[in-house]
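Overview (structure and organization)
The primary structure of each chain is shown beneath.
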Amino acid sequence: MKSLLMMLLLFPLLGGLYHALLGVRLDRRWSEIVAVAAVAGSLIMAVAAAVVAGGRPVIFPLLEWFSVGELAASMDAMYDPLAAVMAVLVTFIAALVHLFSVIYMRREGGYARYYCYLNLFVFFMLVIVTADNLLFLFLGWEGVGFCSYALIGFWYRDAYHADAARKAFLVTRIGSAALGIAIGLFFTAFQSLSMDYITHHAGMLSAGMVLAIGLLLLAAAAGKSALLPLSIWLPDAMAGPTPVSALIHAATMVTAGVYLLLRLYPVLVLSPVAMGVTAAVGAVTALYGACSALAQHDIKRVLAYSTVSQLGFMVLGIGAEDPTGGLFHLLSQAFFKALLFLAAGCIIQSLSGEHDIFRMGRKVRHALPKVYGCFLIGALSLAAVPPTIGFFSKDRLLLTNLTHPSIFHAVLWIIGTLTTLITALYVFRLFFLVFYGGPGPKRTQAPEPGPVRPILVWTLYPLAFLALAGGVMNLPIGSWNFLDRYLMPVAGLGPPLEASPSLEWGVRIGNAVVALIGIGLAYLAYGPRPLKEKPATAPDSMQNLLYSGFYLNKLYHRWVVRPYEQAAAFLSNRVDHGGVDAVMTGSGRLASRWSMNLRLWTTGRLSTYLGVLLAGFTAMLVILALGLL
Amino acid sequence: MTLYTGIFYLLGVITLTATAMAVTRRNLVHAALWLVVSFFGTSLLFYLLGAPFLAALEVIIFAGAIMILFLFIIMTLREEAAPRSFREVWRRWRLPSILGLISLVLIGFFILSAASSYHRLMPAMAAPIDFGRFLVTDYWLPVEIVSFLLFVALVGVLYLGRATDELEEEESLPSVEEEA
Amino acid sequence: MIVPFGHVLFLAGLLFLMGAVCAAARRNLIMILMGVEVMLNAAGLVFVGAALHWGTLDGQAFVIFIMGVAAAEAGVGLVLFYYLNRRTGDTDADSYHTLKG
Amino acid sequence: MRLLLTLILFLPLIGGIAVLFFRRHPDRCRWVSLGVTLADLILVLVVWFGTDPMPGAMDGRRLFVDLPWIPALGIRYFLLLDGISLVMILLTAFLMVLCILASWRSIADRAGIYYFALLATETAVMGVFLAGDLFLFYLFWELQLIPIFFLIGLWGHPDRVRAAVRFFIFSMAGGLLLLIAIIGLYLIHGAQTEVYGFARYQLMNTTLGPAVEWWLFGAFLLGFGVKIPIVPVHTWLPDAHTEAPTAGSVILAGLLLKTGAYGLLRFGFPLFPTAAARSVPILLTLGLVGLFYIAWIALTQQDIKRIVAYSSISHMGLVVVGLAVWNEIALSGAVIQMVNHGITTSALFILVGILEERGHSRQLGDYHGLWHRMPVFSGFFLFFAMAAVGLPGLNNFIGEILILMGTFQEWPAAGIIGFIGIVLTLIYFLRLVQNLLFGPVDERMPGDDITQREAAVLIPLALAVLWIGLHPGPLLDLLAPSVAHLADLVGGNGGAADYVASGAM
Amino acid sequence: MSDWLLSMLPHICLGMGGFLVFCAGGFLKKRPADLLFGMALGAAVLAGLAVFFFPQGAENPNKMLDIDAFGAYFYLLLAGITILTLLFARQYARHKGFSGDEFYGILLFAALSMFLTAGALHWLAFFLGVEFLSISFYILIALSTRKPGSSEAALKYFIMGSVAGAFLVFGIAVLYAATGSMVIAESLGPYADPAQQNLILLGFSLILVGIGFKLSLVPFHFWTPDVYQGAPAPVTAFLSTGAKLCVLAALVRFGAASAEWLWEFITPVLWIMAALTMAWGNIAALTQQRMKRLLAYSSMAHMGYLLMALLAIREAGPGPFLFYATVYGLMDLGAFGSAALLSSADPEAGDREDLKDYQGLGFSHPLIGGVLAISLLSLAGLPPTGGFFGKFVLFRAALQGDFEALAVIGILTAIVSIYVYLKVIVALYFSPQTGRIPVPEPPMLGRAAGIAVMVLIVWMGVFPSPLLEVIEGIVGGY
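1. Here we look at the overall build of chain C
A tally of helices and strands in chain C yields three helices and zero strands. Tracing chain C from N to C terminus, the helices and strands come up as α-α-α. Against the compact-globule benchmark of 13 Å for 101 residues, chain C has a radius of gyration of 17 Å, which places it well outside the compact range. Each principal axis of the C-alpha atoms in chain C carries an extent, and together these give about 55 × 25 × 25 Å. In chain C, which comprises 101 residues, the share counted as buried stands at 81%. Of the contacts made within chain C by residues no fewer than 6 positions apart, 57% connect residues no fewer than 24 positions apart. Element-wise, carbon and sulfur atoms account for 57% of the exposed surface of chain C, whose accessible area totals about 1,800 Å². Treating the 5 positive side-chain charges of chain C as one cloud and the 6 negative ones as another, the clouds have centres 12 Å apart.

If you want it as structure tokens, here you go:
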């Protein structure tokens, strides 16, 4: 078992190191083979480990890292069902994305760098997933952040990409700081950093501590999972290559925050306030992402905002005391969003790099029929149309909120349902614009879609299958809830609150209806025969608001970035140079001035010298006389 | 109050007056001459205080040799005393005189607060013979030293005098250096 | 009795200060040197008075050496003045101020 | 083995003097210097693997030499090697080899004197790390200034003289205050015990009145604080680091700053436990203010080397925090962080030096898109920059996390602020990386990538980064006994007395 | 030889040496400079050696001159300084055209006067020593008639010296009037009637003016930079070392001899003088651009430091004072001596004054530049030089004597002084050579002297124990 886990982690690590050290001299073919093999091997190990572990949590010390006094940071792996699910998910999607990348990136230079980061990313992600020690987790946490940074900025020559990368790194690092602080608090409270220990002894924490840690964990998750108010980096992160967006910014890394909340759920759940805040943040983020997605022009940005929205849903589920539901939605989102991104990648490649949905249209559908099919499945799943996996997972989250005793969650339920409607609307807006868009003002210069390599499309199939039929892993009917049961041994994770079957079915049908209404609205507005052609060139203020993601970037610029820079300039010019340093140099200058004055006394004239001599003698007498008196 | 006392104060007044005149004269020759008077007064005071040999030496060396030297140099330099305004004189004198006055008060305080200041001096006389014997028995070493000192001074004077001569030669014969 | 010892000292002190003030106030080199002579002379007076006061000859002996030193100083000094006067034509002490600062 | 300690200490100096005889042949100078530093490194490694903490000695000492030097003043030639010293001289010996290599070609004129200065610095710095006698420590402390002064002033950049003079004056100002305090302590101790001496363990036994202790501790703090540097007295550093030649910057950042922190660790705190314990809030504030303040200042700098230089201050600010907290974890972290900072900042300085050699400019605005032209260089740069911002798995993280975790144990608020400060560090480092490595490709940018010699300098550094980042166990084990002992020393106020009483000596 | 002759042997060596130099100079037609130099050197060496022949154990047969270890120590030191000065001066004197009997002879007489001053047990000897010293230096300073400023310097030294000498002699007179004794150890109040205190105080303060002038203590210091600048460099070297050390020796003697109450009264005065002198010397040097003036201010500052050590003489003993004085002598000699060696060969030109003219000499003339640099580092108190230990013992003494405030002032001014010395070092090593004034080929003897000074300074910085032990032996306890 231990060796399985070791290999699980080592494969991608060695793959990454292999590229890092030998990268430049490496043949592209070898590079690709190694990269894909590393991840595939990892996938096999993940599955094997899951099978061997058989649903029991197992903790293995892998390596000593460091330990001083009570602080022991050993690289311990915990392979419980939660970790197993995540590990399989991560390696599975990573394997597909690696495969996809082989074709997708075949014309790009810097392949060694690309695969190096991608492999390392998988490694770090697996570290997060399998870590028991919080610091080990932190290693992965920061590692994925760095890889994400490097991959977003993969096309570093364009300043826009580099800036997006920096933004992503910085904002997620704010979350990291929160996580670090939380780790510090854990350490002070438990003198231990083992999550296993912490989750089993969470009751020891005082109420204030629980609240603080809960909020900090939420902040950490907000950074990584792009929740409000730290969501701003994710849309910009789309500057990276599309497979990267699929893997990191849709399926895996962004879910790390959610995973963290799940892992430490037993702590989080102790604080009702923190739970409430979590749920609220989730709901608002979901709504925010969905609304913003409505007005985007860039296919990837639509998906990115959609990811923000879906992450909000997951957190909403956790906040509503249904962590398993959150995980379920995490899985389903991973499938359909990865699918959508990869499909979008096919489209973009076919259109030689075109991202603007207003420049796509019918021709795409004709050129890429298989992609069209896959995209449709993904869109349906995202829009939560039964019987896709998306339907089941989202339905469960909404139901949980409704059945929650607190009235507060009913409000959240309303927001959630509204978001479901908007979700269906924007995803089908996207769908119709991309595949059915007729000739418009911008479409005149639209590039001709070309064919894509079939391998690209093949990688979509498994995802499409899962997005469509993955729901069976946790059907809310009878004992079909495999996932729930599988996760039972994990601390804190259990089945959702029981609701009466009628309510259950009512909500279920209602949700399906809402989704279909949304699709209908989208059809009316953007379908093959829209009610009116939207003039995309003259956006009104509402559209601007949505397009810019509620001006969040501007707000940050105005209230955070600019004051920060101003403070920097002030400190640098006024305080450091004009204040602290001026004191130092000023004292030197003062000494010089004194020096000049003293030298003026040395007039070179004997009369001065003799006069001062006499004065000195007199002064001496005065001092002595004073001493006598 | 004895005769000696009277003589002492008389001599004191003479000496002080002469010194005061000497230090304030604009004309250097006058100053030197007043100083000679002051030295004579001191010489008599020496005599009064029991040092006849020193009184003689005072006249010979101070009033005689040194002041003659002064006069000689004054003559040689032919320094002309330019009349100066009172304001300028005051500007020069004010600080030293104030300091001098303060010092005087303090010195007076220090002197007069010491017990021995009220010890009355009785007339006595050191015979020159005794004095001479004392000098060469107890103080033969300083005598040797001062002879060296005077020797060095002599050498110095010679050297500087020669330098002055060279200076004058150079002035008269500006091309000497090149030839040398 | 002649006078209290203090009076001799005070007289000498007065003389000494006159010399000192002269040296500090006058600009003429020769006058400064005269001031020094006055000061030395005052010291001699103290020595002679003190010799009488203590009844020892050391004080009187000292005066001899003062005279020797005064003579040497006057000799060197006056020749120096003479030399400087020949170089620059000046006996004003304050006109020698090329070295300063 | 005891002779070994002396040999380690003076081998570089002897080598340096030997180099002076070859000064007409720069190449021979280089090889001799390289040989000497390598030999010294090997000796240090021999000590590492060949010694164990002495049984019975509580302070974890491994070797010591104690000979009378100036008996009239009670000054002894007392070298004491414990875990902390060993780690520090290891760093010294290691960086020195790299310094020699890093300046292999860039120093053409007066190579003999240059290498002499480098080697003399090595001896002086090692002396600081090894001295167990306060006076000996002070001697080396002052001694190290002179070669560095010449290194900056002779081989530095255009504004070198001003920078060198500033550096010297700041350091000396601190040093002289230190001297006064050292003498004061020595006299008080002597008056109390009738034994006039400077040995650390003796001086720790001094009873001080509160006011006197404050004054003395203040002087120590100021003396060491200038060197570390703690924030209000840091202004010499950016100039000195920026104007120094690469090796000079490496020595300054990698070693000299460490001597300040080391002094605080070794003498400042243990000698004045009460005052030190009371001044913790002040020190924490200063350290944290440094972290933030520098993050801001560095953001506005245009000179690459200056940014790296400022980052030193912020890293050392964290070390100060670690020292102030003074528990086992934070102290280990502080020592490790000193080593880390030595490695990463040195590497960054070397990289900037490499860049400057090729591009003849240090202005941030003059470079962009280097990744395309110099991929290996860029890879290294990114790697070390990431190490500097404390990416886990790389060295700085270990130090930072130890310090902060230690801080959390005692001062949670400070720990929280510290974590936030680390985020800010990222901002200016990303700016640096962004501007240098990314951006449009420009064929005018320097194009010749890292040479083999340069790689030989950078690869050991990179390995060290990874080694400490992933497997710091050996280092921490080395430190453990000494650090535990130190932590006990100040924790209880009677620690020092107990220590001596327990017969450790 | 009888004891009393032996007890004066060093003085006799110097005096007779000087006399013979004059004879040789006067009677030999061709003025053999090398012979004169050799004679002077021999006399100085013999004077140094003669110290070892002092009668041991017996009572001092000589009432005026010290033959104790303390005196012997200073005699040796002064003899060493004389020898080194001669070595430094040889080439300079030849270049500047005063390499005759007058220079070497008067130099020996000056050395004699220093011996007298340093070893004086009797006020008369002290007075004569000081005056002899002054007169010798009036002439030595004026010797280089072609050097600009030389005669002005002589004039200033003369006027100030004679006025200060008058203060000194008046002070001695007052002391004598107060105590009736002219033996230094008796006259400073230990046996005096308490009623005479004020008179003794007055006398001592007058003497302090004279000593203050000699040691250039503020406010009696003004002549120092002017005279140091104007005098020929080797003479400056001698003036700043020998002429100060001998007075310092006397001052220690006064300090040790003076009664407890006298010392208590005088302490504030000395305190203020020390503080002012340290501050003035170091601060005024800060913006000084002329080398010898700069060194003059620096030497002033060191007098301030020494005064600080003197203040603590009761608590710390004279050991620190002796040590620092020794080191000071060496380092100042090194600084001025190398300035002499670097001066141009042109008889009309002045010394190398402007700091700009020192630029780059550290590399073009590594040895002499090195001597100068080491001396400056030592003056700055940096390891590995004697100045480093000197500063340590100095401040140790100050703190031992509870002069904390003075020590802090000392440290603060020392910080200022660092800049001063760095300025010169920067010129020597960091600046391009200007080459305005060519440097003459350094002579063998000068180089030897330079190396000797350098080695001694470094030796004292690395292994000061022997010297400390010697001093310990002299003054008992350290």
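Further notes follow.
2. Regarding the pattern of salt bridges
Counted according to the given criterion, the structure contains 33 salt bridges over all chains. In this structure, A:Asp395 and A:Arg508 form a salt bridge, with 2.8 Å as the shortest nitrogen-oxygen distance. Residue A:Asp395 is located in helix H18 (residues 389-403), and its partner A:Arg508 is located in helix H23 (residues 501-526); the two are separated by 113 residues in the primary sequence. The burial state of A:Asp395 is the same as that of A:Arg508; both residues are buried. One salt bridge connects D:Arg166 with A:Asp581, and the closest N-O pair in it is separated by 2.5 Å. On the criterion of chain membership, the pair formed by D:Arg166 in helix H7 (residues 160-193) and A:Asp581 in helix H25 (residues 552-601) is interchain, its members lying in two chains. A residue is classified by how much of its surface remains accessible, and A:Asp581, at 11% relative accessible area, is buried. Several salt bridges share partner residues, and in doing so they unite A:Asp581, D:Asp159, D:Arg162, D:Arg166, D:Asp239 and D:Arg306 into one network.

3. Digging into the pairing of strand E1 (residues 61-70) of chain D
Residue and element names in this part refer to chain D. Burial runs high along E1: seven of the ten residues are buried. Relative to strand E2 (residues 75-82), E1 runs antiparallel, the two sharing eight bridges. Opposite Leu63, over in E2, you have Leu81 as the bridge partner. Between E1 and the antiparallel strand that follows it, E2, lie four residues; Gly74 among them carries a positive phi value of about 75 degrees.

4. Let's talk about the packing of aromatic side chains
A complete count under the given rule lists 115 aromatic pairs over all chains for this structure. Relative to E:Phe19, the ring of B:Phe151 has its centre 5.2 Å away and its plane inclined at 40 degrees; by these criteria the two rings are tilted. With one member in each of two chains, B:Phe151 in helix H6 (residues 140-172) and E:Phe19 in helix H2 (residues 9-27) form a pair that bridges those chains. Looking at B:Phe151, the relative accessible area reads 23%, which means it is partly exposed. An angle of 55 degrees between the planes, with centres 6.0 Å apart, marks the rings of D:Tyr186 and E:Phe392 as tilted. Residue D:Tyr186 is located in helix H7, and its partner E:Phe392 is located in helix H18 (residues 386-400); the two belong to separate chains.

5. Topic: the interface of chain A and chain D
Each partner contributes to the interface: chain A provides 47 residues, whereas chain D provides 56 residues. With both chains or domains summed, chain A and chain D bury close to 4,600 Å², and 74% of this area falls on carbon and sulfur atoms. Broken down residue by residue, the surface that chain A buries against chain D is led by A:Tyr156, A:Arg173 and A:Tyr564, which jointly contribute 15%. Joining chain A to chain D, the criterion identifies one salt bridge.

6. Some words on the nonpolar core
Ranked by internal contacts, the top residues of the largest apolar core, which has 803 residues, are A:Tyr79, A:Ile347, E:Trp123, E:Phe137, E:Phe167 and E:Phe254. Looking at this core, the element that brings in the most residues is helix H7 (residues 150-179) of chain E, giving 21 residues. In terms of nonpolar packing, the next biggest core, distinct from the first, is built from eight residues, A:Phe313, A:Leu316, A:Leu397 and A:Leu412 among them.

7. Focus: the packing of helix H17 (residues 375-388) of chain D against helix H20 (residues 452-470) of chain D
Residue and element names in this part refer to chain D. The interhelical angle for the contact between H17 and H20, taken along N-to-C directions, is 35 degrees, at an axis separation of 11 Å. Pair H17 / H20 crosses with left-handed handedness. Residue-level contacts link Phe380, Phe383, Phe384 and Ala387 of H17 to Leu458, Ile459, Leu461, Ala462, Val465 and Leu466 of H20. Residue composition of the contact of H17 with H20, grouped by class: ten nonpolar, no polar and no charged.

8. Focus: the interface of chain C and chain B
Interfaces are often described in size by the accessible area the parts lose on coming together. Each side of the interface is counted separately: chain C has 61 residues, and chain B has 81 residues. Taken together, the two surfaces of chain C and chain B that pack against each other cover about 6,900 Å², and 80% of this comes from carbon and sulfur. Where chain C meets chain B, there are zero salt bridges. For the pair chain C and chain B, the interface holds 13 residue pairs in polar contact (both at pLDDT 80 or more). Contributions of two or more residues to the side of chain C that touches chain B are made by helix H1 (5-25), helix H2 (29-54) and helix H3 (58-88) of chain C. Examining the composition of the side of chain C that touches chain B, we find that 23 residues originate from one element, H3(C), more than from any other. Here the side of chain C that touches chain B is composed, by residue class, of 43 nonpolar, twelve polar and six charged.

9. A word on H18(A)
Along its 15 residues, H18(A) runs 21 Å from first to last C-alpha, staying within 8% of the 21 Å computed at 1.5 Å per residue. Of all 15 residues in H18(A), 14 are buried; the element is thus mostly enclosed.

10. Describing the arrangement of the chains
Most contacts, compared over the eight pairs of chains touching, are made between chains B and C. In this view chain B stays clear of chain D, with the nearest C-alpha atoms of the two still 39 Å from each other. Considering only C-alpha positions, the minimal separation of the non-contacting chain C and chain D is 24 Å.

11. Looking at the side chain of D:Ser346
Residues and elements named next belong to chain D. In this structure, Ser346 sits in helix H15 (residues 328-359). One polar contact links the side chain of Ser346 to the main-chain carbonyl oxygen of Gly342, over a distance of 2.3 Å. For Ser346, the contacting residues outside a window of four places in its chain are Leu95, Val250, Gly254 and His341.

12. Quick look at the side chain of A:Thr91
Within the secondary structure, A:Thr91 is located in helix H3 (residues 81-104). The contacts of A:Thr91, once residues within four sequence positions are left out, are A:Leu8, A:Val39, A:Ser42, A:Leu43, A:Ala46 and A:Leu126.

13. What to know about the confidence of the model for chain E
On average, chain E scores 90 in pLDDT, and the residues at 70 or more come to 99%. Scored as a whole, the predicted complex attains pTM 0.91, and scored at its interfaces, ipTM 0.92.

14. Here we look at the environment of A:Gly145
Residue and element names in this part refer to chain A. Assignment of secondary structure puts Gly145 in helix H5 (residues 134-152). Given a relative accessible area of 3%, Gly145 falls into the buried group. Here the alpha-carbon distance between Gly145 and Arg166, two residues 21 residues apart in the chain, equals 11 Å. Look past the residues within four positions of Gly145 in its chain and what remains in contact with it is Phe169, Lys224 and Met253.

What counts and what doesn't
- Residues numbered from 1 in each chain as written.
- Chains lettered and ligands numbered in written order.
- Predicted model: local features only at pLDDT ≥ 70, side-chain atom pairs only at ≥ 80, totals over all residues.
- Heavy atoms only, no water.
- Helix = DSSP H or I, 4+ residues; strand = E, 2+ residues; numbered from the N terminus.
- Rg over C-alpha atoms; globule rule 2.2 N^0.38 Å.
- Buried < 20%, exposed > 50% of the residue type's maximum accessible area, 1.4 Å probe, protein only.
- Contact = heavy atoms within 4.5 Å.
- Areas by Shrake-Rupley, 256 points an atom, 1.4 Å probe, with all protein chains shown as cover.
- Lys, Arg positive; Asp, Glu negative; His and termini not counted.
- Charge placed at Lys NZ, Arg CZ, Asp CG, Glu CD.
- Salt bridge = Lys/Arg side-chain N within 4 Å of Asp/Glu carboxyl O.
- Pairing = 2+ DSSP bridges.
- Phe/Tyr/Trp six-rings, centres within 6.5 Å; stacked < 30°, edge-to-face > 60°.
- Buried area = accessible area lost by both parts, 1.4 Å probe.
- Core = buried A, V, L, I, M, F, W, Y, C linked by side-chain atoms within 4.5 Å.
- Axes fitted to C-alpha atoms, helices over the stretch in contact; angles between N-to-C directions.
- Left-handed = near helix turned anticlockwise from the far one by under 90°.
- Nonpolar A, V, L, I, M, F, W, Y, C, P; charged D, E, K, R; others polar.
- Polar contact = N/O pair within 3.5 Å; in protein donor to acceptor, adjacent residues only side chain to side chain.
- Expected span 1.5 Å × (residues − 1).
- pLDDT = per-residue confidence, 0-100.

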